[in-house]
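Listed here are the chains, written in short residue letters.
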Amino acid sequence: MAIQDRLTSEELQSYYDTAESISLMPGWVEGEGQRPPEIKPFLWRWSEVEPLVLKSGSIVAPGADVQRRTMRLTTPGLARGSTQTLHTAIQLLLPGETAPAHRHTPTAIRWILKGKGAYTTVNGDKCWMEPGDLVLTPSWTWHDHSNEGNEPMIWMDGLDIPLVRYLKANFYEQFPEDVQPIEGTGTSARKYAAGALRPTWEDPQVPYSSLWHYKWDRTYEALSGMADMPCDPHDDVAMEYSDPVTGGPVLRTMACWVQMIRPGVHTKAHRHTSSKVYQVFKGSGYSVIDGQRFDWSEGDFFVLPSWAWHEHACEGDQEAVLFSIQDIPVMKALSLYREEPYTEHAGHQPVTSHFGHE
Ligand code: GTQ
Ligand code: FE2
């Protein structure tokens, strides 16, 4: 665009100063700090993360002031959060501890990594947690966590905090007691985990899944049952946790997926406007994200930014299982979802660098 030069440079500067003084920004000038935060893909190694998480047990304890003992997976380039919309953290709860009951408008999920003997109560429903379980804590539901076992309990928290904070819709309330009253154990699962069979007398009108607890044994059975079928070219045996009533995503702002990358599979690359945070639950392999190779093994976490090319591979003779949270329901609700397959080089990106070897 042509900049007219009918003003002297002093006149022009004075014009810009006046504009700035009344909070106007000329649209033809590219200003500093006007761009939204950009992120690159990133990976956290469990071998580096776990010792710090365990040590946090001797630094703080959950209670009235520190509600949760968490370590946040903060992607470089962001002041907070793992992507522009998603927040992930690792939470440690030691034997005998309780993380007190509260509720908030941000929605949360727990993806259980280690330990047994602990439960989360969600609106009165007590859910015993085991590795590989997914527990939902939808927006504004009361929740508290207690460890009645004798080993440390570790899980991944996934929340939509960056989105909710950006939208200025973050509300929080403390329950008057440390723990909320328990109305039943595994109630949502007993009613809704059968999926295709559900209670006739209930007509759930909640804006989230009526099933709050997805057990690992059923998840793994579902994945294994498809291991001899042709699956998704970009994601292999990828399954979405779904709301048993609507068939849609489990939450309005986040989708949860679990996927098996079968031995020897190397998926084709694609990109989309949803961002994801992955946890490597089982096995090892690698992903190529925007030309960079990320080798991952059991326990690692990695971030896939929006619109980054990505493909996954499992080289050994053992399958890999990846869990992920994603903001795809937000993008689809706003008609901003886009997806594109990578068509060059038979669908595989040339690898130009290795994460951690720069
Ligand atoms: O466990 O309730 O990682 O409220 C961040 C906020 C966990 C929780 C987080 C939370 C929780
Ligand atoms: Fe919470």
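Here goes a summary of the coordinates provided.

With that settled, consider the site of ligand 1. R68, T70, A89, Q91, H102, H104, R110, H143, H145, D157 and L159 make up every residue found near ligand 1. Side-chain polar atom of R68 to an oxygen atom of ligand 1: 2.8 Å apart, as the coordinates give it. Q91 places a side-chain nitrogen or oxygen 3.1 Å from an oxygen atom of ligand 1. The set of elements that each furnish at least two residues to the shell around ligand 1 consists of β3 (87-93), β4 (98-104), β9 (143-147) and β10 (153-159). Grouping the amino acids of the shell around ligand 1 by side-chain chemistry returns two nonpolar, six polar and three charged.

This part is about the sheet that holds strand β2 (residues 70-72). Strands sit in the order β2-β3-β10-β5-β8-β13 across an open sheet of six strands; the sheet is antiparallel. With one partner strand each, in any of the chains shown, β2 and β13 (213-214) form the two edges of the open sheet. Across four bridges, the pairing between strand β5 (residues 108-114) and strand β8 (residues 134-137) is antiparallel. By the bridge assignment for β8, W111 is matched with L134.

This structure, assessed with the given rule, holds 14 salt bridges. Of the charged contacts in the structure, one is a salt bridge between R45 and D300, with a shortest N-O distance of 3.7 Å. Of this pair, R45 sits in the loop between β1 (42-44) and α2 (46-55) while D300 sits in the loop between β19 (292-297) and β20 (301-304), and the two are 255 residues apart along the sequence. If you follow the salt bridges from partner to partner, you end up with E130, D133 and K215 in one network.

Taken together, H102 (NE2), H104 (NE2) and H143 (NE2) make up the full set of protein donors to the iron ion (ligand 2), lying 2.1 Å away. Donor residues for the iron ion (ligand 2) sit on one chain with the sequence pattern H-x1-H-x38-H. Residue class for H102 comes out buried when judged on its relative accessible area of 5%.

Our focus in this paragraph is a nonpolar patch on the surface. On the surface, L7, Y15, W28 and V29 cluster together into a nonpolar patch covering about 370 Å² of accessible area. Along the chain, Y15 falls in helix α1 (residues 9-21). For Y15, a relative accessible area of 42% gives the class partly exposed.

On the secondary structure map, W257 appears in strand β15 (residues 255-261). You can call W257 buried: its relative accessible area is 17%. In the structure, W257 is positioned 18 residues away from M239 in sequence and 5.6 Å away in space, judged by C-alpha atoms. In this structure, W257 is in contact with D235, A238, M239, E240, Y241, K276, L322, F323, S324 and Q326, ignoring residues within four places of it in sequence.

Turning to helix α5 (residues 216-224), a few remarks are in order. Buried residues of α5: W216, T219 and L223, and no others. Within α5, the buried residues cover an arc of 65° as seen down the axis, which keeps them to one side. In α5, the exposed positions that point more than 90 degrees away from the buried face belong to D217 and E221. Against the buried residues of α5 lie β5, β13, β14 (237-240), β15, β17 (276-282) and β22 (320-326).

Quick look at the packing of aromatic side chains now. Using the criterion set out here, one finds 18 aromatic pairs in the structure. Summarising the aromatic geometry, the rings of Y241 and F323 are spaced 6.2 Å apart at their centres and angled 65° between planes, so their arrangement reads as edge-to-face. Of the two residues, Y241 sits in the loop between β14 and β15 while F323 sits in strand β22, which places them 82 residues apart along the sequence. Judged by relative accessible area, Y241 falls into the buried class, the value being 5%. Taking the relative accessible area as the measure of exposure, F323 reaches 0% and is therefore buried. Measuring from ring centre to ring centre gives 4.9 Å for F294 and F355, while their planes differ by 20°; the resulting arrangement is stacked. Of this pair, F294 sits in strand β19 while F355 sits in the segment after β24 (353-354), and the two are 61 residues apart along the sequence. Given the relative accessible area of 16%, F355 is considered buried. A network of ring pairs unites the aromatic residues W111, Y214, W216, Y220, Y241, F281 and F323 as a single cluster.

Moving on, we come to the pairing of β4. Of all seven residues that make up β4, six are buried, and the element is covered over most of its length. Where β4 lies against β9, three bridges are found, and the strand directions are antiparallel. The partner of H102 across the bridge, within β9, is H143. Relative to strand β11 (residues 172-174), β4 runs antiparallel, the two being bridged by three bridges. Paired with R103 across the bridge in β11 is E173.

Quick notes on the rules
- Residues numbered from 1 in each chain as written.
- Chains lettered and ligands numbered in written order.
- Predicted model: local features only at pLDDT ≥ 70, side-chain atom pairs only at ≥ 80, totals over all residues.
- Heavy atoms only, no water.
- Near = heavy atom within 4 Å.
- Polar contact = N/O pair within 3.5 Å; in protein donor to acceptor, adjacent residues only side chain to side chain.
- Helix = DSSP H or I, 4+ residues; strand = E, 2+ residues; numbered from the N terminus.
- Nonpolar A, V, L, I, M, F, W, Y, C, P; charged D, E, K, R; others polar.
- Pairing = 2+ DSSP bridges.
- Salt bridge = Lys/Arg side-chain N within 4 Å of Asp/Glu carboxyl O.
- Donors = N, O, S within 2.8 Å, 3.2 Å for Na, K, Ca; no water.
- Buried < 20%, exposed > 50% of the residue type's maximum accessible area, 1.4 Å probe, protein only.
- Patch = residues over 30% accessible without salt bridge, like charges linked within 9 Å, V, L, I, M, F, W, Y side chains within 5 Å.
- Areas by Shrake-Rupley, 256 points an atom, 1.4 Å probe, with all protein chains shown as cover.
- Contact = heavy atoms within 4.5 Å.
- Arc of directions from axis to C-beta.
- Phe/Tyr/Trp six-rings, centres within 6.5 Å; stacked < 30°, edge-to-face > 60°.

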